[in-house]
Amino acid sequence: MGEPAPVGERDAAYEGEPAPAYETILLERADGIAWVTLNRPERLNATTERMHHELLDAFARVAGDGASRVLVLTGAGDRAFCIGSDLGFLTEVLDGDEADSGQFAAYLERLNRVVFALERMPVPTIAMVGAKARASGFEMVVACDFVLIAEEARIGDVHTPYGHMPGAGATHRTVRKMGLQPAMELLMTGRWLTAAEAVEKGLALRAVPRDRLREETTAFARTLAGIPGDCLTHLKAAVMGGLGRTVEEAVAVETAEYLALLRVSSGPVDGFRAGQRERALRRAAAGRGR
């Protein structure tokens, strides 16, 4: 599950770009797909301050490189996608007579920057979940546009059994994806969901056997990366920009994004002309067949 994506022939935009010297994550980019791997398998990919900073850097690189058309987020190893915050940090801020609320506030602010950066990526994002995802790992999963999960994996917020609550958006994003009562039940009980339940409740797109997870994820990512032009960027902006608005407001956002697409991309014109050529060829072939 956790090896870096196979690197084939790199996109031209990456030529000559030095590989980032990350300590806690991996970034591989090839064929229009950026693979970001949480790379602390010995610690179940638990998040740290350094990982937060490295994720922010990686997300910014992918958003700005001009060649990545899809981002896949995953975790190294076969034990966890991400189990949450590192115990060393939690011990530092909580193992006293009182919690260090100032330090915890700074941590949550930084973690939320990571999750918002992931959610606001201008390209489609896929969480490839091969094993457990809980707490901040779960919150990153629900911030992705799509989730492909191994049948053997489990996901859940799992804060309340330890007297905690979400702090990086799960109270909003889970409700948005599942509906109020199912989300409240999941968050309040702190229970785990099986992969099948995650699909049934709308938190995952599909569940596949773990040994086929990378293959299935790669195929789906390639499908998205192969969509021509910049239409997915503007489509995603329309969907996300319309959330929480009235129908009229949401449609206005959609219209504005469509017009922006027409202004900044040759994709719609190129696609129309390609369709016209295909139709002409079909008519000519039909005429020859008479």
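Residues numbered from 1 in each chain as written. Predicted model: local features only at pLDDT ≥ 70, side-chain atom pairs only at ≥ 80, totals over all residues. Heavy atoms only, no water.

Participant: Could you clarify how one ought to interpret the overall build of the protein in this entry?
Facilitator: The helix and strand inventory of the protein stands at 11 helices and 10 strands. Taken across its 290 residues, the protein has 43% of its residues classed as buried. A separation threshold of at least 6 residues defines the contact pool for the protein, and within that pool the share at least 24 residues apart is 69%. Of the roughly 14,800 Å² that the protein leaves accessible, carbon and sulfur atoms contribute 54%. (Helix = DSSP H or I, 4+ residues; strand = E, 2+ residues; numbered from the N terminus. Buried < 20%, exposed > 50% of the residue type's maximum accessible area, 1.4 Å probe, protein only. Contact = heavy atoms within 4.5 Å. Areas by Shrake-Rupley, 256 points an atom, 1.4 Å probe, with all protein chains shown as cover.)

Participant: Explain the pattern of salt bridges here, please?
Facilitator: What the rule picks out here adds up to 12 salt bridges. The partner of Arg 29 in a salt bridge is Asp 65, and the shortest N-O contact between them spans 3.2 Å. Within this pair, whereas Arg 29 is found in strand β1 (residues 25-30), its partner Asp 65 is found in the loop between α1 (49-64) and β3 (70-75), the two being separated by 36 residues in sequence. (Salt bridge = Lys/Arg side-chain N within 4 Å of Asp/Glu carboxyl O.)

Participant: Would you mind going over the sheet that holds strand β5 (residues 125-129) with me for this structure?
Facilitator: Note: strands within a sheet are paired through backbone hydrogen bonds, in either parallel or antiparallel orientation. What the 6 strands build is an open sheet, ordered β1-β2-β3-β5-β7-β10; its pairing is mixed. Strand pairing shows two members of the sheet lacking a second neighbour, β1 and β10 (206-208), which therefore form its edges. If you compare each strand with its neighbour and ignore which way they point, the axes differ by 20° on average. Across 3 bridges, strand β7 (residues 146-150) lies against β10 in parallel orientation. Among the inter-strand pairings, Ile 149 is bridged to a residue of β10, identified as Ala 207. Relative to β5, helix α4 (residues 136-143) is tilted by about 140°, and along the sheet it contacts β2 (33-38), β3, β5 and β7. (Pairing = 2+ DSSP bridges. Axes fitted to C-alpha atoms, helices over the stretch in contact; angles between N-to-C directions.)

Participant: Looking at this structure, I do not really get the side chain of Thr 47. What am I missing?
Facilitator: Mapped onto the elements, Thr 47 comes out in the loop between β2 and α1. Looking at Thr 47, the relative accessible area reads 1%, which means it is buried. A polar contact of 3.5 Å, which involves the side chain of Thr 47, links it to the side chain of Ser 136. (Polar contact = N/O pair within 3.5 Å; in protein donor to acceptor, adjacent residues only side chain to side chain.)

Participant: Where do I start with a negative patch on the surface in this structure?
Facilitator: Taken together, the side chains of Glu 151, Glu 152, Asp 211 and Glu 215 define an acidic patch exposed on the protein surface. With respect to the helices and strands, the residue Glu 215 is situated in helix α8 (residues 210-225). Owing to a relative accessible area of 57%, Glu 215 belongs among the exposed residues under this scheme. (Patch = residues over 30% accessible without salt bridge, like charges linked within 9 Å, V, L, I, M, F, W, Y side chains within 5 Å. Lys, Arg positive; Asp, Glu negative; His and termini not counted. Charge placed at Lys NZ, Arg CZ, Asp CG, Glu CD.)

Participant: Help me understand the pairing of β1 in this model?
Facilitator: Where a strand is regular, its side chains alternate between the two sheet faces. Counting buried positions over the 6 residues of β1 gives 5, a clear majority of the element. Taken together, the 6 bridges between β1 and β2 define a ladder with antiparallel strand orientation. Looking at the pairing, Arg 29 lines up with Ala 34 of β2. The turn linking β1 back onto β2 is made up of 2 residues, and Asp 31 within it adopts a positive phi angle of 55°.

Participant: Which parts of the structure should I look at to understand the nonpolar core?
Facilitator: A general feature of soluble globular proteins is that nonpolar side chains tend to end up buried together. In this structure, Leu 38, Leu 55, Leu 71, Val 129, Met 140, Ile 155 and Leu 203 are the most contacted members of the largest nonpolar core, which totals 63 residues. Top contributing element to this core by residue count: α1, with 6 residues. Not counting chain neighbours up to four residues away, the residues in contact with Ile 155 comprise Val 129, Ala 133, Phe 138, Ile 149, Arg 191, Trp 192, Leu 193, Ala 198 and Leu 203. (Core = buried A, V, L, I, M, F, W, Y, C linked by side-chain atoms within 4.5 Å.)

Participant: Just checking my understanding: could you explain the sheet that holds strand β8 (residues 154-156) for this structure?
Facilitator: Strand order across the open sheet formed by 4 strands is β4-β6-β8-β9, with mixed pairing between neighbours. Each edge of the sheet is formed by a strand with only one pairing partner; in this case those strands are β4 (80-82) and β9 (193-194). Alignment of β8 against β9, held across 2 bridges, turns out to be antiparallel. What sits directly across from Ile 155, in β9, is Leu 193. Sheet strands in contact with α4 are β4, β6 (132-134) and β8, and its direction is about 95° off that of β6.

Participant: Can you walk me through the pairing of β5 in this structure?
Facilitator: Burial runs high along β5: 5 of the 5 residues are buried. Residues Thr 125, Ala 127 and Val 129 point to one face of β5 and Ile 126 and Met 128 to the other, with burial holding for every one of them. In terms of strand pairing, β5 meets β7 through 4 bridges, oriented parallel. For Met 128, the partnering residue across the bridge sits in β7 and is Leu 148.

Participant: Is there a simple way to explain unusual backbone geometry in this structure?
Facilitator: For residues that are not glycine, phi is negative in most cases, and the peptide bond is trans in most cases. Even without glycine at this site, Asp 31 takes up a positive phi of about 55°. One can find Asp 31 in the loop between β1 and β2. The residue Ala 135 is not glycine, and still its phi comes out positive at about 50°. In this structure, Ala 135 sits in the loop between β6 and α4.

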